[in-house]
Amino acid sequence: MRGLSVTTVAWDGTTLAGDKRAVWGDSIPVEATKVFRVKHKKEVYLIGFSGLTAVGEAFVRHLRKKGLVGHPPGVKGSTIWVITRRGGLILSDDDPRSEHNEEKWAIGSGWHFALGAMYSGKTAEQAVEIASRLDIYTGGGVDAVRF
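Parameters and conventions
Along each chain, the written sequence defines residue order, and numbers are assigned to residues from 1. Two thresholds apply to this predicted model, a pLDDT of at least 70 for residue-level local features and 80 or more for giving and counting side-chain atom pairs, whereas whole-chain, interface and lining totals are computed over all residues. The side-chain numbers reported here are obtained from all heavy atoms of the structure, hydrogens and water having been left aside. Numbering of helices and strands runs from the N terminus; a helix is a DSSP stretch of H or I covering at least four residues, while a strand is a stretch of E covering at least two. Between buried and exposed lies partly exposed: a residue is buried under 20% and exposed over 50% of the maximum accessible area for its type, with that area taken using a 1.4 Å probe on protein chains only. When DSSP finds two or more bridges between a pair of strands, those strands are recorded as paired. Only the six-membered ring of Trp is used, alongside the rings of Phe and Tyr, when aromatic pairs are assigned; centres must lie within 6.5 Å, and planes under 30 degrees apart are stacked while those over 60 apart are edge-to-face, with the rest tilted. Contacts described as polar in this section are N or O atom pairs within 3.5 Å, which, within protein, must combine one atom able to donate a hydrogen with one able to accept it, while residues neighboring in sequence count only if both atoms come from side chains. Note on contacts: a residue pair qualifies if any of its non-hydrogen atoms lie within 4.5 Å across the two residues.

S.K.: An account of the environment of Val23 is requested, with residue identities and associated values reported.
M.R.: Relative to the helices and strands, Val23 resides in the loop between β4 (21-22) and β5 (30-31). Separated by 16 residues in the primary sequence, Val23 and Thr7 place their C-alpha atoms 9.4 Å from one another.

So this is what it looks like as structure tokens:
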């Protein structure tokens, strides 16, 4: 089932973590994976997304097949993070790509809770867990990926 991932994804400079809750309208939440470790040829990327799960999953499939060449044709409407091994954070939102080098980032409906938690010394995983206590659209457990 593909739903709307009203979510929290957090990056603490080492770990990319995301909750597992996805909803569609007022439906019962379903489980979704929103953070991935993807290898294409010799490059490794960490991917996290907020928005439609189908868009994020399509981006991950595209990256696995073709590498980092932007959004797949016709796939837009989500905030997608691509983190390179060199530490560059590329935010892809309707495909103007820009690099950001801040150490801590968070997106999704619980972003402000997660960012506050990380600046208070919590890891990305802990920050998503905290956001899940405060944001009704965040929950269902936490996935995390690292290089």
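S.K.: Let's hear about the pairing of strand β2 (residues 8-11): which residues, and what values?
M.R.: Here β2 shows no split at all, with Thr8 and Ala10 on one side and Val9 and Trp11 on the other all buried. The pairing of β2 with strand β3 (residues 16-19) spans 3 bridges and is antiparallel. Residue Trp11 lies in a different strand from β3, and its bridge partner there is Leu16.

S.K.: How would you sum up the packing of aromatic side chains? Please name residues and give values.
M.R.: Taken as a whole and assessed by the stated rule, the structure comprises 1 aromatic pair. Between Phe36 and Phe49, the aromatic rings sit 6.3 Å apart at their centres with planes inclined by 15°, giving stacked as the arrangement. Note that Phe36 is positioned in strand β6 (residues 35-40) and Phe49 in strand β7 (residues 43-52), a separation of 13 residues in sequence. Phe49 shares its class with Phe36; the two are buried.

S.K.: Quick one: what's the story with the side chain of Asp19, residue by residue and with numbers?
M.R.: Here Asp19 shows up in strand β3. The exposure class of Asp19 is buried, given its relative accessible area of 0%. Within the structure, Asp19 has its side chain in polar contact with the backbone nitrogen of Thr8 (distance 3.0 Å). Those residues in contact with Asp19 that lie beyond four places of it in its chain are Thr7, Thr8, Ala32, Lys34, Val128, Tyr137, Thr138, Gly139, Gly141 and Val142.

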